[in-house]
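Listed below are the residues making up each chain.
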Amino acid sequence: MSNKILELREIKREFRMGAEVVRALKGVSFDVVSGEFLTIMGSSGSGKTTLLNTLGCLDKPSSGTYLLDGVDVGTLGRNELARLRNLKIGFVFQSYNLLPRTSALENVELPLLYNKAISAKDRRDRATRALQAVNLGDRLDHTPNQLSGGQQQRVAIARALVNEPVMILADEATGNLDSRSSYSIMALLQDLNQNQGKTIVFVTHEPDIASFSSRTITLRDGKVMKDSPNENRRSAKEVLAALPPSDDYLPAVEGAGAVGGETKGNEPK
Amino acid sequence: MNFINLLRIALKALQRNKLRAFLTMLGIIIGVASVIAMVAIGQGSKQSIQQQLSGMGSNMIIIRPNSNIAAGARLDAGSVQTLTIDDVNALQKKATHLSAVSPMSQTKGQAIYGNNNWPTTIQGVNPQYVEIIRQWPLKDGVTFTDRDVQAMSKVCLLGQTVIANLFPGGENPVGKYIRFGKIPMLVIGTLSQKGENAFGQDQDDVIMAPYTTVQKRILSTIYFQQIYVSARDENSTDEASAEISDIMRTSHRLKPTDDDDFAVRTMQELINTFSATSSLLTILLTAIAGISLLVGGIGIMNIMYVSVTERTREIGLRMSIGARGIDILMQFLTEAILISITGGLIGVALGITSAKLVTYFLSWPTLITEYSIVLSFLVCAVTGVFFGYYPAQKASRLDPIEALRYE
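Parameters and conventions
Residues numbered from 1 in each chain as written. Chains lettered and ligands numbered in written order. Predicted model: local features only at pLDDT ≥ 70, side-chain atom pairs only at ≥ 80, totals over all residues. Helix = DSSP H or I, 4+ residues; strand = E, 2+ residues; numbered from the N terminus. Buried ≥ 20, exposed ≤ 12 C-beta atoms within 10 Å, placed from the backbone. Contact = placed C-beta atoms within 7 Å. Nonpolar A, V, L, I, M, F, W, Y, C, P; charged D, E, K, R; others polar. Core = buried A, V, L, I, M, F, W, Y, C linked by C-beta atoms within 7 Å. pLDDT = per-residue confidence, 0-100. Axes fitted to C-alpha atoms, helices over the stretch in contact; angles between N-to-C directions. Left-handed = near helix turned anticlockwise from the far one by under 90°. Pairing = 2+ DSSP bridges. Parallel < 35°, antiparallel > 145°, perpendicular 65-115°, else oblique.

All right, on to the overall build of chain B then. Of the regular secondary structure elements, chain B holds 13 helices and twelve strands. Evaluated residue by residue, chain B yields a buried proportion of 41% over its 407 residues.

Okay, here's the thing in structure tokens:
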């Protein structure tokens, strides 16, 4: 299980802002192998977002090569990139980005709609399974405004899982959540990573969150400043259990009917 | 992305904004409904004019003697008598485009019954004139026959105006003897009410009798004032009138250099004039309705732009999970077309209903034509594509990165 999912070589990305050229990435190289849980850290302006866009095939580097699951992304056109995103990447966003007034099930089905090979029944089955995997099997018909922030984010994770991508790409996925919900999301991601072997790339600026991953890359000024495995990897489940008990809350990962006291997040606009 | 999925997504999006979708549709609904209703009213009045003319005998052709030149001065049309029974026979024998030929010998005079009298016109014709050329149904009694014509029978048919004046008490005139001038005549039938013609003349102020009776017993002449002819149908009046000219020239033994000594008049010109007027009316109404359809289309475009802006993040999300530009384009285009086609269908129904209501309450004649339905439906589908395309294209060209972070 050590095949390379991501291979980045001297990735550079420059933007032209009027007369100035902004160099967001100045030569980033690293590999990610299957089954890793990588966090990318960095303060704002470090090139984090640009790197994320590049990894997510939303943007192409100005120079350098990026291989995603063996495919050279730099040579692809708009439509091929879209196909790659559909098949190989599962996005999780800070603000969930669920479709309002649409049931959890339909939200999760969405990526499959853009894959012609999947029949309506298959789509439904897979979406149901994905929601069950994030412990929302009993909330299939709930719309986002009937779900708490943590639950919405779990729907978003189910949506990222449903296409069985090679990598889950999370962008500040806990940024809008209180610490309890954050830990529960991290526990879910850790579970997916350790028990199902999902490769996860998690972009964050919180060192606390990074400590749950197996490896951390720190960016500064568009370059990799530090790339090291986490020796003291914490378990989100344990952290969650160590939190002072709250009578209206049950850990999400442990109980199937784990619902309740998570703070309601802002609905995506 | 297959068609059913597209349709589902579009329906879903419209369901999320039902009122807005309906209001947008309303523009199209009113547009299509007004096109159909307006065209129906225009066509209806056109048809009713044509029917009126048809009642007068729109395939009727009238042959009269032409003007004459006497000592270098041209005289009135009809100043000479040239039409005889030979012309009628020749036409009946040779013509192929005609369904009926009747001589017409008429004169004015006083009709008398009991102590009532009434100045009217007596028309001497053959039975075909009543049945075929004028298509004039009898109200009562029977019509005269060819034997009556041969026998110069003193029988007649009365028009309703004559009946009203000679028989004010409402008694049945059939079987009574009236006098026309000095000649007693047996009323064998009555003509049904025909009303005024397009020129305001009372068509019911008439007595009809065998032409021989009028020609010989009243006028004492061998000539006819006119010959009435009926073409097989309205479209063959041109061929029929050409044929009539040929036959008449032969019958009158005219040399190729001679001018016609008769004139052929068709009613077709009259119909054309009326049709042209009401066609203009239809065009005018259609133009107004078309403008409202255009306004409806602009409404769609406006709403689609709002929708694209409002759902920028949704578009970004869809792109990030694998939607291609074309998928987004098709999604918004489907929405626009769905709005316009649904609006179109409702509009067709509403248009037909309102045309029927106009007929029912205002008793305006309306005629719903298939072409107006097909046309307005096509126009609104095209409107959907045309006005939906630009917003949809705008959506499909969004940069997913910017769209995802759009506030």
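From this point, things continue past the structure.
The next point concerns the overall build of chain A. Within chain A, the secondary structure is distributed over eight helices and ten strands. Within chain A, the proportion of its 269 residues that are buried is 48%. Put simply, of all contacts in chain A between residues at least 6 apart along the chain, 71% involve residues at least 24 apart.

To continue, consider the interface of chain B and chain A. Taken together, the contact between chain B and chain A spans 18 residues of the former and 22 residues of the latter. Of all elements in the fold, only α1 (3-16), α10 (312-320), α11 (325-362) and α13 (400-404) of chain B reach the threshold of two or more residues within the side of chain B that touches chain A. No other element matches α10 of chain B, which puts five residues into the side of chain B that touches chain A. Partitioning the side of chain B that touches chain A into residue classes produces seven nonpolar, five polar and six charged.

On to the nonpolar core, then. In this structure, Val108 and Ala158 of chain A together with Ile36 of chain B are the most contacted members of the largest nonpolar core, which totals 122 residues. The element that contributes the greatest number of residues to this core is helix α2 (residues 18-56) of chain B, accounting for 14 residues. Among residues more than four places away in sequence, those in contact with Ala158 of chain A are Val108, Ala130, Leu131, Ala133, Val134 and Leu136 of chain A. Val101, Tyr113, Ile188 and Val264 of chain B belong to the second largest nonpolar core, which has 50 residues in total.

For chain A, the mean per-residue pLDDT works out to 86, and 90% of the residues sit at or above 70. Low pLDDT, under 50, characterises residues 254-269 of chain A; the stretch is placed with 42 contacts to residues that sit more than four places away or in other chains.

Looking now at the packing of helix α3 (residues 104-113) of chain A against helix α4 (residues 120-133) of chain A. Residues and elements named next belong to chain A. At their nearest, the axes of α3 and α4 sit 9 Å apart, and the two run at 120 degrees to each other. Where α3 crosses over α4, the handedness of that crossing is right-handed. Two secondary-structure elements touch here, α3 through Ala104, Leu105, Val108, Glu109 and Leu112 and α4 through Arg123, Arg124, Arg126, Ala127, Thr128, Ala130 and Leu131. Here the contact of α3 with α4 is composed, by residue class, of seven nonpolar, one polar and four charged.

A word on the sheet that holds strand β6 (residues 89-92) of chain A. Residues and elements named next belong to chain A. What the six strands build is an open sheet, ordered β6-β7-β8-β3-β9-β10; its pairing is mixed. Every other strand in the sheet has two partners, leaving β6 and β10 (223-229) as the edge strands with one partner each. For this sheet, the mean inter-axis angle between neighbouring strands, taken without regard to orientation, is 15 degrees. When strand β3 (residues 37-41) meets strand β8 (residues 199-203), the two strands line up parallel, connected through four bridges.

A word on the confidence of the model for chain B. Per-residue confidence for chain B gives a mean pLDDT of 85, with 93% of residues at or over 70. Overall fold confidence for the complex sits at a pTM of 0.69, while the interface term, ipTM, reaches 0.85.

A separate point is the environment of His205 of chain A. Residues and elements named next belong to chain A. Counting through the fold element by element, His205 comes out in the loop between β8 and α7 (207-210). With 16 C-beta atoms counted inside 10 Å, the residue His205 sits in the partly exposed group. Taking the C-alpha atoms as reference, His205 lies 5.2 Å from Met41; in sequence the two are 164 residues apart. Setting aside residues no more than four positions away along its own chain, His205 makes contact with Met41, Gly42 and Ser43.

Let us look at the sheet that holds strand β2 (residues 20-33) of chain A. Residues and elements named next belong to chain A. If you trace the four strands from one edge of the open sheet to the other, you get β2-β1-β4-β5, paired in antiparallel fashion. In this open sheet, the two edge strands, each paired with only one partner strand, are β2 and β5 (71-72). Across eleven bridges, the pairing between strand β1 (residues 4-17) and β2 is antiparallel. From the neighbouring strand, Leu8 faces β2, where its bridge partner is Phe30.

So, on to α3 of chain A. Counting buried residues along α3 of chain A, ten of its ten residues qualify, which places the element largely inside the surrounding structure. Among the structural elements, α2 (78-88), α4 and α5 (149-161) of chain A together with α1 of chain B are those in contact with the buried residues of α3 of chain A.

Attention shifts here to α10 of chain B. Counting buried positions along α10 of chain B gives seven out of nine residues, so the element sits mostly inside the fold. In the core, the buried residues of α10 of chain B are packed alongside α2 and β6 of chain A together with α11, α12 (370-396) and α13 of chain B. At the C-terminal side of α10 of chain B, Gly322 of chain B shows a positive phi close to 115 degrees.

Bringing the packing of helix α3 (residues 85-94) of chain B against helix α8 (residues 237-251) of chain B into the picture now. Residues and elements named next belong to chain B. Following both chains from N to C, one finds α3 and α8 inclined at 135 degrees, their axes separated by 10 Å at the closest point. Here α3 is positioned oblique relative to α8, judged by the angle of their axes. The way α3 lies across α8 gives a crossing that is right-handed. Judged by residue contacts, Asp86, Asp87, Ala90, Leu91 and Lys94 of α3 engage Ile244, Ile247, Met248 and Ser251 from α8. Here the residues of the contact of α3 with α8 are counted per class, giving five nonpolar, one polar and three charged.

We now examine the pairing of β3 of chain A. On a regular strand, each side chain points to the face opposite its neighbour's, so the side chains alternate between the two faces of the sheet. Residues and elements named next belong to chain A. The element β3 is largely enclosed, with a buried count of five among its five residues. Burial of the side chains of β3 extends over both faces: Phe37, Thr39 and Met41 are buried on one face and Leu38 and Ile40 on the other. Two elements, β3 and strand β9 (residues 215-220), share four bridges in a ladder whose sense is parallel. Looking at β9, one finds that Leu38 is bridged to Arg215.

The next thing to look at is unusual backbone geometry. Although it is not a glycine, Glu164 of chain A sits at a positive phi angle of roughly 50 degrees. Among the structural elements, Glu164 of chain A can be located in the loop between α5 and β7 (167-171). We note that Ser220 of chain B has phi near 50 degrees; this positive angle belongs to a residue other than glycine. Turning to its location among the elements, Ser220 of chain B is positioned in the loop between α7 (211-219) and β11 (226-231).

All names here are of chain B. Along the polypeptide, Lys154 turns up in the loop between α5 (146-151) and β7 (155-158). With 31 residues separating them in the primary sequence, Lys154 and Met185 have C-alpha atoms 4.8 Å apart. Among all residues touching Lys154, those that are not within four sequence positions of it are Ile183, Pro184, Met185, Leu186 and Thr213.

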